[in-house]
Amino acid sequence: MSTTRTAQLMEGAGLARRIIEETATKAAEISRFTGTAPCLATVLVGEDPASVTYVRMKRARCAKAGIQSRHIPLPSTTTTVELVDTIAALSRDPGVHGILLQHPCGPHIDERAAFEAISPEKDVDGVTMHSFAAMSFALPGFVSCTPGGIMQLLDAYDVELAGKHAVVVGRSAILGKPVGMLLLAKDATVTYCHSRTTDLPAIVREADIVVAAVGRPRLIRGEDIKPGAVVLDAGYNPGNVGDVDFDAARTRARLITPVPGGVGPMTIAVLLAQTVQAAENQLGLQER
Ligand code: NAP
């Protein structure tokens, strides 16, 4: 008989399904009550195949949840000024409740300028400086979707965060940095690691909670996971491989997200939920 321990899986796919079902119910209520369906505008610059697929997938999920989507495909020659103008017009359009700018937009675009043209109340992807600041100050606003999904997974599995050492590997504006702020808000002691960190394995070995957000297959070795740790792997690399060596890590962790089916599905669930929340806010339904 094997005595090897195996971590419990944190099933993002199942949790995401439940969130999307609740979101669909809310979307139907909004449509019935106001005659207006929640609407997400998707903006895509160029025809990068991965981006085209992501947008198609997000729109299909919207349709299934009773959320309308309005797609704005722009040529790869679009300038920053043209993109900003397009997004600013969507920000003013009362028929649009949420705006998603698929990125990367291409090296010639000033992405930050484009993101900042999204009005905060429509920033359902949580990419603006306003949303980041609101999240950091624990004020109302929309969170970046993958970090938001990670926090909901931790909550669903009753993971205690206060006083725990959380190590976030990666510091991107949409993932590593915001998830660290959200963990801090829950009283975790947070360490950020990145490409210039010295001795990453030594820091990971101290972690009660590991969030991997890098994009390097199996960068985090199983032997460096502290026994009983909680491991969330946001990494998604070719061949359905995460940033954590899953097979080795699951013999030491207490809870671990699979790749795929862990963090990934949560991202889209948060996007849909925030779009419906945005519609509710803009249609003045919060006080019902
Ligand atoms: P990113 O913008 O490329 O950032 C990667 C981060 O990893 C950077 O902060 C970088 O450090 C750090 N890094 C690179 N090499 C490292 C190393 N050897 N040791 C430690 N840190 C290192 O990527 P991202 O957009 O945050 O995405 C990260 C991963 O998550 C990717 O696999 C992506 O596909 C995935 N992702 C998944 C979802 C989802 O829905 N599941 C959503 C978004 C992203 P520096 O800052 O020093 O360069």
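Residues numbered from 1 in each chain as written. Predicted model: local features only at pLDDT ≥ 70, side-chain atom pairs only at ≥ 80, totals over all residues. Heavy atoms only, no water.

A separate point is the overall build of the chain. From N to C terminus, the chain includes ten helices and nine strands. Against the globule reference of 19 Å for 288 residues, the chain gives a C-alpha radius of gyration of 19 Å, in line with a compact fold. Principal-axis analysis of the C-alpha atoms places the extent of the chain at approximately 60 × 45 × 35 Å. Burial statistics for the chain: of 288 residues in total, 46% are counted as buried. Side chains of the chain carry 28 positive and 30 negative charges; the gap between the two charge centres is 3 Å. (Helix = DSSP H or I, 4+ residues; strand = E, 2+ residues; numbered from the N terminus. Rg over C-alpha atoms; globule rule 2.2 N^0.38 Å. Buried < 20%, exposed > 50% of the residue type's maximum accessible area, 1.4 Å probe, protein only. Lys, Arg positive; Asp, Glu negative; His and termini not counted. Charge placed at Lys NZ, Arg CZ, Asp CG, Glu CD.)

A few words on the domain arrangement of the chain. Per the domain assignment, the segments of the chain are domain 1 (36-122) and domain 2 (144-265). Computed over C-alpha atoms, the centres of domain 1 and domain 2 are 29 Å apart. (Domains from an automatic or database assignment.)

Residues annotated in UniProt with the feature "domain: Tetrahydrofolate dehydrogenase/cyclohydrolase NAD(P)-binding" (unreviewed entry) correspond here to residues 144-282. Here residues 144-282 is 37% helix and 14% strand, with 19 Å between the C-alpha atoms at its ends. (UniProt positions renumbered as here; feature names shortened; annotations may be inferred.)

Take the environment of Arg-221 next. By the secondary structure assignment, Arg-221 is in the loop between β7 (209-212) and β8 (230-233). With 96 residues separating them along the chain, Arg-221 and Asp-125 place their C-alpha atoms 31 Å apart. Once residues lying within four places of it in the same chain are set aside, the contact partners of Arg-221 are Pro-201, Arg-205 and Asp-245. (Contact = heavy atoms within 4.5 Å.)

Here we come to the nonpolar core. Judged by nonpolar contacts, the single largest core of 47 residues is most densely connected at Ile-150, Leu-154, Leu-183 and Leu-232. Put simply, the parts of the chain that give this core at least two residues each are α1 (12-34), α6 (145-156), β5 (165-169), α7 (176-185), β7, β8 and α10 (263-282). Each of two domains, domain 1 (36-122) and domain 2 (144-265), supplies a minimum of three residues to this core. Leaving out residues up to four positions away in the same chain, Leu-154 has contacts with Met-10, Val-159, Leu-161, Leu-183, Val-230 and Leu-232. In terms of nonpolar packing, the next biggest core, distinct from the first, is built from 19 residues, Ile-72, Ala-114, Phe-115 and Ala-117 among them. (Core = buried A, V, L, I, M, F, W, Y, C linked by side-chain atoms within 4.5 Å.)

Our focus in this paragraph is the site of the ligand. Surrounding the ligand, one finds 19 residues, the nearest of these being Arg-171, Ser-172, Ser-195, Tyr-236 and Thr-267. Within the backbone of His-194, a nitrogen or oxygen atom sits 3.4 Å from a nitrogen atom of the ligand. In the environment of the ligand, an oxygen atom lies 2.9 Å from a nitrogen or oxygen atom belonging to the backbone of Tyr-236. Protein contact buries 68% of the 920 Å² of open area that the ligand shows by itself. For the shell around the ligand, a count of residues per class yields eight nonpolar, nine polar and two charged. (Near = heavy atom within 4 Å. Polar contact = N/O pair within 3.5 Å; in protein donor to acceptor, adjacent residues only side chain to side chain. Areas by Shrake-Rupley, 256 points an atom, 1.4 Å probe, with all protein chains shown as cover. Nonpolar A, V, L, I, M, F, W, Y, C, P; charged D, E, K, R; others polar.)

Contact geometry of α1 with α10 gives a least axis separation of 9 Å together with a crossing angle of 20°. It follows that α1 is roughly parallel to α10 by the angle criterion. Relative to α10, α1 is oriented so that their crossing is left-handed. Of α10, the residues touching α1 (which contributes Gly-12, Ala-13, Leu-15, Ala-16, Ile-19, Ile-20, Thr-23, Lys-26, Ala-27 and Ile-30) are Pro-265, Met-266, Ala-269, Leu-272, Ala-273, Val-276, Gln-277, Ala-279 and Glu-280. Within the contact of α1 with α10, the residues separate by chemical class into 14 nonpolar, three polar and two charged. (Axes fitted to C-alpha atoms, helices over the stretch in contact; angles between N-to-C directions. Parallel < 35°, antiparallel > 145°, perpendicular 65-115°, else oblique. Left-handed = near helix turned anticlockwise from the far one by under 90°.)

Our focus in this paragraph is the pairing of strand β6 (residues 189-193). Looking at chain direction, β5 and β6 are connected through five bridges and run parallel. When the sheet's bridge partners are listed, Val-167 is paired in β6 with Thr-191. Between β5 and its parallel partner β6, the chain crosses via α7, and the hand of that crossover is right-handed. (Pairing = 2+ DSSP bridges. Right-handed = clockwise from strand over helix to strand, strands pointing away.)

Time to look at helix α2 (residues 49-64). Taking 1.5 Å per residue, 16 residues should reach 22 Å; α2 reaches 23 Å between its end C-alpha atoms and fits that length. When we look at burial in α2, the residues that qualify are Ser-51, Val-55, Lys-58 and Cys-62. The arc that holds the buried residues of α2, viewed along the axis, is 65°, so those residues lie on one side. Pointing more than 90 degrees away from the buried face of α2 are the exposed residues Pro-49, Arg-56, Ala-63 and Lys-64. Buried residues along α2 sit in contact with β2 (39-45), β3 (68-74), β4 (98-101) and α10. Looking at the residues trailing α2, positive phi occurs at Gly-66, about 75°. (Expected span 1.5 Å × (residues − 1). Arc of directions from axis to C-beta.)

This next bit is on a nonpolar patch on the surface. Together, Tyr-54, Met-57 and Tyr-236 make up an exposed nonpolar region whose accessible area comes to about 320 Å². Mapped onto the fold, Met-57 is located in helix α2. The exposure class assigned to Met-57 is partly exposed, which follows from its relative accessible area of 37%. (Patch = residues over 30% accessible without salt bridge, like charges linked within 9 Å, V, L, I, M, F, W, Y side chains within 5 Å. Salt bridge = Lys/Arg side-chain N within 4 Å of Asp/Glu carboxyl O.)

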